[in-house]
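Residues per chain, in single letters:
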Amino acid sequence: MSNVSDPDQTHILLPTVHNYLPMTLAQTLNFSSSPISMNFHPTKHTLLLVGTSIGDITLWDVSSGKRLLAKNYMKSKVSVDKELCASVKRILWSPDGTFFGVAYSKHVLQVYSYSESNDIYLQWEWIYAHMGGINDLAFSSYENQLLLITCGDDKKIKVWDVDTGNKQFTFRGHNAPVSSVCPTSSNQHFFSVSVDGKIKAWEYKTFVAQSNFEAPGIGHTKMAYSADNKRLFLCGTDEGRKTFLVEWSQCKDSVRRTYHGLQASSSSAVQFDIANNQFLAAGHDHKIKFWDMDNVEPLITIDAEGGLPETPSICFNRKGTLLAVVANENRIKILATNYGIGLLQTTNKHSADASREISETVRKYTDTKDAEDVAVLVSPGVNVKEKVGKFLEIKNTQCQSLRLHNPVEPDEISRLIYTNKGDAVLALASNVHLLWRWLGDEATTKVQPSFTQPQDALPMINDVDGINHEVAVPCFALSKNDSYLVSASGGMISLFNTLTFQNLVTFMPPPPAATCIAFQPQDNNIVAIGKHDSTIIIFNCQRQKVLAKLEGHTKRVTGLAFCKTKNVLISSGADTQVFAWNFERWKKWKSTFLQVGGKKLESLSDTHIQFHQDQLHFLAVHKNFLGIYEADTLNCVKWAQGFLSGPISSATFSADCQIVYTSFQNGMIVIFDALELIPFCQISPNTYLHSFGSHFSYPLVIAAHPKKSAQFAIGLSSGEVCVIEPSNPTGQWDFDDSKVPDSLVE
């Protein structure tokens, strides 16, 4: 039996591999010339960009198998300059999907802009970007500027301004053609590798290689980071022309592990890709081979129903639910997971024009007694309420819930948060704070945490003297170092030390009472405080001084969120308005109303907001509405509404912002895909309340673990707190179609 601490232990069971790996042939795309390079759109998961051997650029909706556009800007140039080869060498979307770059096999580099109407426009081009072929390109950013890095047969690396096409940097130092470039997460430097097996690390500031390493072999080697930018992988050939796939240790500048199953030599370069920070795939020996990133042995090998070249090119979509594979006879095969198949079917069936609309779906909740519609999801600009789909119900065996032991009997849980470290959960029940801390580094459902109360210290209790409990809005905010808590329950605002539970100071007696609080990320001494009278107070806790008073809302302020990368504060209120404030001068920048299909939401309700980890978007949560907004424009880019089972009680992004956990007042918890706001599974109250007794309670608040994307906690109307996470070995939610309730199957 293998040791559980063994880093090479398998993380996925083969009987459930179809849930996690795209192995089922779902679609075949036909071309007039050979597909060379391809890339899925970063947010529209069924849009595939393809470059071919004759320079065609095509965009496909793989759900319908329709080609949305085909353009070739090289034909006129080839007719003038016969030396120009029209083959696409590499094609790649920018991180936000608004641009893409095209590298050709000789000289030419192009950047295109992409519009929501699925049209493309040539932004700029360089006919002689490199002397010879352009082997790779990658998008990066430096000093708030979007850049494109290219490398070529001329042994040079060049960096271009994506907006203007101006060349920013040229890096020299390789003694052989450069085959691959790979930016790092810091955006301060990047890696490159040449065909003579030399790896170099470059810094933008110095123009010289800061480090030099030996690759595992010579020839065309490709480098790529996992999606979380924590792990680096290389795939290429060694001196004996045998293929290698390795994980590279950036600490030791050497091979960390070598993956087995690629020993046979190949006549052409092997292509590989990475999915979900967990799986590797490579096209080799007319097959597709998959690995768990932590296991050197192949997980499974498939032939995609045959017809693959010796080293087929492959490409995952961002979610890892689809895999595009280049096949013989000018074809691309689309393989899918179980969830990917459902995504393709839903998108194709319910989009009147797959190139212009996001798929619509309705999800349905059924218990053993009766059937009840839970939610209707609509795409932007469309509002329909009809049953158009099914979604999966998480069973007791698929998730593990832990009721946190509480020696006191609190009122309902009003606010709930994990510490930033992820080792504790903090709740506010009326005016009493409750803290549970795990002895290890992170929270888990496998171990009951300790209810924390320092010896000889009073509990952290908010002032409630003389307040009206019926209208009081408990609220709090935790500093980024987890040491300080600012909290109020309708009375004075308190500043607590969370280690000693000491109440350091109280300030701002009501009226008006505080209704929401947020720390400024750049300065933990400054907090924004939303008030019941619709104002926002910017307060320096250390100096006990009001810095600014912001006015604009017409009803109480219910949500505040600071952007970590820009000087922007977003506020929301019970008036369904959203404001953006510049906090350099504390002036209003923009404002909008929550809208559905161009119409303002009429229902007044508390609205809460949360920034996406990209700091470009934020989530708005209203009792009848979920929306994803652009922070710069305050435009709603995705929304969901029409929830028939009752109002939303709370919602939050997961740690990786790929999921939106949403709780309803009927006790249901629905898990949404954050990029499309489509629900793909649900957890019924019977699943997480099985040990809570016979009384009914429902989640009032929901909080996501800051590091574990599949774990969240709920605070219940009964005053209890429950932590929920998957029970399967992968630590991820299992979306097996076989678990759809029988009553949902047609």
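None of these values were measured; they are calculated from a predicted model.

**Student:** Account for the overall build of the protein chain, with residues named and values stated.
**Tutor:** The helix and strand tally for the protein chain stands at 4 helices and 61 strands. Looking at the protein chain as a whole, 58% of its 746 residues are labelled buried. Considering only contacts in the protein chain between residues 6 or more positions apart, those separated by 24 or more positions represent 50%. Of the roughly 30100 Å² of accessible surface on the protein chain, a fraction of 48% belongs to carbon and sulfur atoms.

**Student:** So what about the UniProt feature "repeat: WD" (unreviewed entry) in the protein chain? Which residues, and what values?
**Tutor:** Summarizing the sequence annotation, UniProt attributes the feature "repeat: WD" (unreviewed entry) to residues 127-170, 171-206 and 550-584 in the numbering used throughout. End C-alpha atoms of residues 550-584 are separated by 13 Å, and the span's content is 0% helix alongside 54% strand.

**Student:** With reference to specific residues and values, describe unusual backbone geometry.
**Tutor:** The peptide bond linking Pro-510 to Pro-511 adopts the cis configuration, its omega dihedral lying at -10°. Note that Pro-511 resides in the loop between β40 (503-507) and β41 (514-520). Of note in this structure, Ser-534 is not a glycine but carries a positive phi near 85°. Examined against the element boundaries, Ser-534 turns out to sit in the loop between β42 (523-531) and β43 (536-540). The phi torsion at Leu-634 lies on the positive side, around 60°, for a residue other than glycine. Mapped onto the elements of the fold, Leu-634 is located in the loop between β53 (625-630) and β54 (636-641).

**Student:** So what's going on with the side chain of Ser-489? Which residues, and what values?
**Tutor:** If you trace the backbone, Ser-489 turns up in the loop between β38 (484-488) and β39 (493-497). Owing to a relative accessible area of 3%, Ser-489 belongs among the buried residues under this scheme. A polar contact of 2.7 Å, which involves the side chain of Ser-489, links it to the backbone oxygen of Ser-430. In terms of polar contacts, Ser-489 uses its side chain to reach the side chain of Asn-462, at 2.9 Å. Excluding anything up to four places from it in sequence, Ser-489 contacts Leu-428, Ser-430, Asn-431, Asn-462, Val-464, Ile-467, Ala-472 and Pro-474.

**Student:** Which residues make up the nonpolar core, and what are the values?
**Tutor:** In terms of nonpolar packing, the biggest core is built from 22 residues, with Tyr-661, Ile-683, Tyr-688, Phe-712, Ile-714, Ile-724 and Trp-733 touching the most fellow members. Every element with two or more residues in this core is listed here: β31 (392-394), β56 (659-664), β57 (669-673), β58 (678-683), β59 (699-704), β60 (712-716) and β61 (721-726). Beyond its immediate stretch of four places on either side in the chain, Tyr-688 contacts Ser-401, Gly-667, Ile-669, Ile-683, Pro-699, Ile-714, Leu-716, Cys-722 and Ile-724. Core analysis: the second largest hydrophobic core is formed by 18 residues, Tyr-20, Phe-279, Ala-281 and Ile-314 among them.

**Student:** Quick rundown of the environment of Gln-502? Include the residues and the values.
**Tutor:** Note that Gln-502 resides in the loop between β39 and β40. For Gln-502, a relative accessible area of 47% gives the class partly exposed. For the pair formed by Gln-502 and Met-460, sequence separation is 42 residues and the distance between their alpha carbons is 7.3 Å.

**Student:** Which residues make up the packing of aromatic side chains, and what values do they have?
**Tutor:** Taken as a whole, this structure holds 25 aromatic pairs when the rule is applied. Pairing Phe-562 with Phe-583 gives two aromatic rings, centres 5.4 Å apart and planes at 75°, and the pair type is edge-to-face. Of this pair, Phe-562 sits in strand β45 (residues 557-562) while Phe-583 sits in the loop between β47 (577-582) and β48 (587-593), and the two are 21 residues apart along the sequence. Across this residue pair, the class does not change: Phe-562 and Phe-583 are buried.

**Student:** Provide a residue-level description of the side chain of Asn-72, including the pertinent values.
**Tutor:** Secondary-structure assignment places Asn-72 in the loop between β5 (66-71) and α2 (75-80). Within the structure, Asn-72 has its side chain in polar contact with the backbone oxygen of Ile-54 (distance 2.9 Å). Side-chain polar atoms of Asn-72 contact the side chain of Asp-56, separated by 3.0 Å. Setting aside its immediate chain neighbours within four residues, Asn-72 contacts Ile-54, Gly-55 and Asp-56.

**Student:** Any chance you could break down the confidence of the model for the protein chain for me, citing the residues and the numbers?
**Tutor:** Looking at the protein chain, pLDDT values average 83 and 84% of them are 70 or higher. Note that pLDDT drops below 50 for residues 350-390; the model gives that stretch 111 contacts with residues more than four away or on any other chain.

**Student:** Could you give an account of the sheet that holds strand β21 (residues 254-258), naming the residues involved and the relevant values?
**Tutor:** A sheet is described by the order of its strands in space; here 4 strands give the open sequence β18-β19-β20-β21, paired in antiparallel fashion. In this open sheet, the two edge strands, each paired with only one partner strand, are β18 (222-225) and β21. Mean inter-strand twist for the sheet, computed between neighbouring axes without regard to direction, equals 35°. Relative to strand β19 (residues 232-237), β18 is paired through 4 bridges, and the arrangement is antiparallel. If you follow Lys-222 over to β19, its bridge partner there is Cys-235.

**Student:** Before we move on, can you summarise the pairing of β39 with the specific residues and values?
**Tutor:** Where burial is concerned, most of β39 is hidden: 5 out of the 5 residues are buried. Alternating residues of β39 divide into Ile-493, Leu-495 and Asn-497 and Ser-494 and Phe-496, and every residue in both groups is buried. In this sheet, β39 lies alongside β38 in antiparallel orientation, the contact comprising 4 bridges. The partner of Ser-487 across the bridge, within β39, is Ser-494. Sheet topology places β39 next to β40; 4 bridges connect them, and they run antiparallel. Within the sheet, the bridge partner assigned to Leu-495 lies in β40 and is Val-505. Taken together, β39 and the strand that follows it, β40, pair antiparallel across an intervening segment of 5 residues, in which Phe-501 is found at a positive phi of about 65°.

**Student:** So what's going on with the pattern of salt bridges? Residues and values would help.
**Tutor:** For the structure on display, the rule yields 13 salt bridges. Residue Glu-442 is joined to Lys-708 by a salt bridge in which the shortest nitrogen-to-oxygen separation is 4.0 Å. With Glu-442 in the loop between β35 (432-437) and β36 (450-451) and Lys-708 in the loop between β59 and β60, the pair connects residues that are 266 residues apart, well separated along the chain. Judged by relative accessible area, which is 26%, Lys-708 ranks as partly exposed. In the salt-bridge network here, residues are joined through shared partners; they are Arg-231, Glu-247, Arg-256, Arg-257 and Asp-294.

**Student:** Describe in detail the environment of Leu-280, supporting the description with residues and values.
**Tutor:** Relative to the helices and strands, Leu-280 is located in strand β23 (residues 279-284). The buried category is assigned to Leu-280, whose relative accessible area is 0%. When the C-alpha positions of Leu-280 and Trp-291 are compared, they lie 5.1 Å apart, and in sequence the two are 11 residues distant. When residues no more than four places from it in sequence are discounted, the contact partners of Leu-280 are Phe-233, Leu-245, Tyr-259, Asp-273, Ile-274, Lys-289, Phe-290, Trp-291 and Met-293.

**Student:** Let's hear about the sheet that holds β45: which residues, and what values?
**Tutor:** Strands sit in the order β45-β46-β47-β48 across an open sheet of 4 strands; the sheet is antiparallel. Lying at the two open borders of the sheet, with one neighbouring strand each, are β45 and β48. The average angle at which neighbouring strand axes cross in this sheet is 20°, direction not considered.

**Student:** Tell me what's going on with the pairing of β59, and back it up with residues and numbers.
**Tutor:** Counting buried residues in β59 gives 6 out of 6 residues, a clear majority hidden from the surface. Looking at chain direction, β59 and β60 are connected through 5 bridges and run antiparallel. Looking at the pairing, Ala-703 lines up with Ala-713 of β60.

Calculation rules
Residues numbered from 1 in each chain as written. Predicted model: local features only at pLDDT ≥ 70, side-chain atom pairs only at ≥ 80, totals over all residues. Heavy atoms only, no water. Helix = DSSP H or I, 4+ residues; strand = E, 2+ residues; numbered from the N terminus. Buried < 20%, exposed > 50% of the residue type's maximum accessible area, 1.4 Å probe, protein only. Contact = heavy atoms within 4.5 Å. Areas by Shrake-Rupley, 256 points an atom, 1.4 Å probe, with all protein chains shown as cover. UniProt positions renumbered as here; feature names shortened; annotations may be inferred. Polar contact = N/O pair within 3.5 Å; in protein donor to acceptor, adjacent residues only side chain to side chain. Core = buried A, V, L, I, M, F, W, Y, C linked by side-chain atoms within 4.5 Å. Phe/Tyr/Trp six-rings, centres within 6.5 Å; stacked < 30°, edge-to-face > 60°. pLDDT = per-residue confidence, 0-100. Pairing = 2+ DSSP bridges. Axes fitted to C-alpha atoms, helices over the stretch in contact; angles between N-to-C directions. Salt bridge = Lys/Arg side-chain N within 4 Å of Asp/Glu carboxyl O.

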